[in-house]
Amino acid sequence: MASLRTQVRAADIAGRHFDTVVIGSGFGSGFFLHEALRHARTGRVLVLEWGDIRSHADQWADGRQTHIAPESTYANESPRPWNFTIGFGGGTNCWFAQTPRFHPTDFRLRSLYGAGRDWPFDYAELEPFYCEAEDIMAISGDDAMGRVLPRSKPFPQPPHIPSTPDARLKRARPEQHFVMPTARARQATDTRGPCCANLRCSLCPVDAKFTANNGLMDVFQHPSVSVCPGAEVLSLETQGGVVRSVVFRSGGQEYSVNGDLFVLGANAIHSPAILLRSGIDRGPVGKGLHEAYGIEVEVLLDGVDNFDGSTITTGLDYGAYDGAFRSTSGAALLYFENRWKFGFRPEPGKWRQTLPIVIVVEDLPRDSDAVVLAADGRARVVGKEPGRYALDGADRAFEQLPEILSALPVERIERRLVRPTESHLQGSLRMGTDPADAVVDAGQVHHALRNLVVVGSSVFPTCSASNPSLTVGAMSIRAARSLLA
Ligand SMILES: Cc1cc2nc3c(=O)[nH]c(=O)nc-3n(C[C@H](O)[C@H](O)[C@H](O)COP(=O)(O)OP(=O)(O)OC[C@H]3O[C@@H](n4cnc5c(N)ncnc54)[C@H](O)[C@@H]3O)c2cc1C
Ligand code: SF4
């Protein structure tokens, strides 16, 4: 098993005091620390991580990012298999590295369409932080995307090579169809190889996608940082209106450490569970757990071959994303796949004339979909099937496909399957200006406990149809700077 030069054992830190205690080492925590370490006030930092530290080589050796199965860590009474990684680096290990920004309208759903909630800041406020997060991950992308998602800087890396269907659609729909932005390197970096489209990104054989192991080691091996793996945080202890200490379990024993600033980044199921176990239940703690809804479609083409792009997903189309329909049905983002999800076609000469599309639709968070505690104190997820808003959005986007694909010779379009999960748990500790309706404020600081910051996708007030992690990274940089600069 890999180790860090900053690694510490639970017994060595028990009872000690740190200026900043960070819970979890995934996207939220990693990007927060990336910024926080630039500010003297951050001081000595302790990172408590439930899982092990496993290098890319360790993971490759047994084909697993972690030995802790997500479903073993909570009781699931909802219809979805919530998917995440418990381990050093969290979701940076298992993610597929798709990195679209959120759409400007995603932040203003209530004011624009009377649905869901507004975020306490807008796209323009987050834009410079998107650029910083993109630089950290060396995102490859198509600068033409600025037409839909305005940008103040070019992408750090050039775009991937689109497949032939994507190149045709990009020419025909220059305002809506773009090459996929991604943290799968187009060009080699100092620590990553170039993506070569071998299409198994959950554990990339050539280490092309951004992970904590290849992109955040300066942070986790910084001289001010200590990292304690195998430390499952159980609860926070409060006194006099602030958090004083954190209790964790390691090797079957309980320990505690004290601190001044606490950063909670334990994912959208385990962060609320930690607060609930601590009796910190003011506001909608645990409520509104959600993710987008996805369906898969196969487009049978007539005379155009697919699968000649340079990465696993090569195109994004915004033709079904925004409009007045969002008062009653969700935005849909169309992902154009450069992988043969439904096999090759059997007809001679037509083997590659198939185009898989994933339609991802925003859903409206409901407070009845929630993280609560089981009798033994473990996290327990309750909830129902995706809502009408998402289902109607998927139907609408499917009906729009003939028009969106009109520049391609389409033989027929088949609706293939519903995806069991998008692997994007979000929204159980939402941010907002009203303490009665939100757990943290616009700076991600707890409304009542002012030395507690929550990072990660748990703070999302609404869903978006876009993948969450770039937005998590940008928001974490913003939160750290507003608190510590
Ligand atoms: C298969 C898969 C593919 C994905 N692909 C994409 C993609 O292409 N694009 C995208 O944007 N997103 C993708 N995601 C989603 C992405 O992983 C999450 O959005 C992101 O990781 C959320 O960041 P976070 O900081 O909230 O949580 P995480 O990154 O999960 O970090 C949480 C951390 O806390 C630790 N932890 C949890 N509980 C405790 C505890 N009690 N004590 C101590 N530590 C704890 C965990 O081990 C982990 O290190 C994918 C996810 C999966 C599972
Ligand atoms: S497409 Fe292949 S090379 Fe590229 S990130 Fe995924 S697994 Fe790695």
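About the cut-offs
- Residues numbered from 1 in each chain as written.
- Chains lettered and ligands numbered in written order.
- Predicted model: local features only at pLDDT ≥ 70, side-chain atom pairs only at ≥ 80, totals over all residues.
- Heavy atoms only, no water.
- Helix = DSSP H or I, 4+ residues; strand = E, 2+ residues; numbered from the N terminus.
- Buried < 20%, exposed > 50% of the residue type's maximum accessible area, 1.4 Å probe, protein only.
- Contact = heavy atoms within 4.5 Å.
- Polar contact = N/O pair within 3.5 Å; in protein donor to acceptor, adjacent residues only side chain to side chain.
- 1 Å grid on protein atoms, 1.4 Å probe; cavity = no way out; pocket = protein on both sides within 12 Å on 5 of 7 lines; lining within 4 Å.
- Points joined across faces, edges and corners; volume = space filled by probe spheres on them.
- Nonpolar A, V, L, I, M, F, W, Y, C, P; charged D, E, K, R; others polar.
- Near = heavy atom within 4 Å.
- Areas by Shrake-Rupley, 256 points an atom, 1.4 Å probe, with all protein chains shown as cover.
- Pairing = 2+ DSSP bridges.
- Axes fitted to C-alpha atoms, helices over the stretch in contact; angles between N-to-C directions.
- Sits in = over half its atoms within 2 Å of the grid points.
- Patch = residues over 30% accessible without salt bridge, like charges linked within 9 Å, V, L, I, M, F, W, Y side chains within 5 Å.
- Salt bridge = Lys/Arg side-chain N within 4 Å of Asp/Glu carboxyl O.
- Arc of directions from axis to C-beta.

Caption draft 1: Local environment of the environment of arginine 326. Position of arginine 326 relative to the elements: it lies in the loop between strand S10 (313-317) and strand S11 (332-337). By relative accessible area, which is 0% here, arginine 326 ends up buried. Expressed as a C-alpha distance, the spacing of arginine 326 and leucine 109, which sit 217 residues apart in the sequence, is 8.0 Å. Among all residues touching arginine 326, those that are not within four sequence positions of it are Thr105, Asp106, Leu109, Tyr113, Ala115, Tyr321, Ala331, Glu362 and Tyr389. A polar contact of 2.6 Å, which involves the side chain of arginine 326, links it to the side chain of threonine 105. Looking at arginine 326, its side chain comes within polar contact range of the side chain of glutamate 362, at 2.8 Å.

Caption draft 2: Just empty space enclosed by the protein, in detail. Enumeration according to the criterion identifies 4 cavities of 30 Å³ or more in this entry. Size it by volume and the largest cavity reaches roughly 100 Å³. Around the largest cavity sit 17 residues that line it, and Arg80, Leu289, Arg366, Asp369 and Lys384 are the ones nearest its centre. The class makeup of the residues in the lining of the largest cavity is 7 nonpolar, 3 polar and 7 charged. Considering only residue class, the lining of the second largest cavity consists of 10 nonpolar, 1 polar and 3 charged.

Caption draft 3: Structural context of the site of ligand 1. In the vicinity of ligand 1, 34 residues are found, and the nearest of them are Gly28, Glu49, Gly91, Val233 and Ser469. Within the contact set of ligand 1, an oxygen atom lies 3.4 Å away from a backbone nitrogen or oxygen of glycine 90. Measuring from an oxygen atom of ligand 1, one finds a backbone N or O atom of glutamine 98 at 2.9 Å. Relative to its unbound accessible surface of 1000 Å², ligand 1 loses 95% to contact with the protein. Among the secondary structure elements, those contributing two or more residues to the shell around ligand 1 are helix H2 (27-36), helix H4 (91-94), strand S6 (232-239) and helix H10 (267-277). For the shell around ligand 1, the element with the highest residue contribution is H10, accounting for 3 residues.

Caption draft 4: Expanded view of the sheet that holds strand S12 (residues 354-361). Taking strand neighbours across the sheet as the criterion, the 6 strands line up as S4-S10-S11-S12-S9-S15 in an open arrangement whose pairing is antiparallel. Both outer strands of the open sheet, strand S4 (177-179) and strand S15 (410-418), are each paired with one neighbouring strand and no more. On average, each strand axis in the sheet is inclined to that of its neighbour by 25 degrees, with strand direction left out of account. Sheet topology places S11 next to S12; 5 bridges connect them, and they run antiparallel. Residue leucine 333 lies in a different strand from S12, and its bridge partner there is valine 360. Here helix H7 (residues 164-172) sits on the sheet and contacts S4, strand S9 (293-301), S10, S11 and S12; the angle it forms with S4, its principal contact strand, is near 135 degrees.

Caption draft 5: Region of the structure containing the pairing of strand S14 (residues 379-382). Residues of S14 alternate between two faces, with Ala379 and Val381 buried on one and Arg380 and Val382 left unburied on the opposite face. Of the pairings in the sheet, the one linking strand S3 (residues 74-77) to S14 comprises 4 bridges and is parallel in character. Paired with tyrosine 74 across the strands is alanine 379, a residue of S14. Relative to S14, strand S13 (residues 370-373) runs antiparallel, the two being bridged by 4 bridges. Counterpart to valine 372 in the pairing with S14 is arginine 380. Here S13 folds back onto S14 in antiparallel fashion, the turn holding 5 residues, of which glycine 377 has a positive phi close to 90 degrees.

Caption draft 6: Fine view of unusual backbone geometry. Positive phi is not limited to glycine here, since aspartate 207 has a value of about 55 degrees. Within the element layout of this structure, aspartate 207 appears in the loop between S4 and helix H8 (212-215). For serine 423, which is not glycine, the phi dihedral falls at a positive 60 degrees. Its place among the elements puts serine 423 in the loop between S15 and strand S16 (452-454).

Caption draft 7: Local environment of the site of ligand 2. Lining the immediate surroundings of ligand 2 are Arg184, Cys195, Cys196, Ala197, Asn198, Leu199, Arg200, Cys201, Cys204, Pro205 and Val206. Because more than half of its atoms lie within 2 Å of the grid, ligand 2 is assigned to the second largest cavity. Of the residues that constitute the shell around ligand 2, the class distribution is 8 nonpolar, 1 polar and 2 charged.

Caption draft 8: Structural view of a nonpolar patch on the surface. Nonpolar side chains collect at one region of the surface, where Trp340, Phe344 and Trp351 lie side by side and expose about 380 Å² of accessible area between them. For tryptophan 340, the position within the fold is in the loop between S11 and S12.

Caption draft 9: Focus on H7. Of all the residues in H7, the buried ones are Pro165, Asp166 and Leu169. Take H7 and look down its axis: the buried residues cluster within an arc of 95 degrees, on one side only. Where H7 is buried, its residues contact S4, S9, S10, S11, S12 and helix H11 (388-404).

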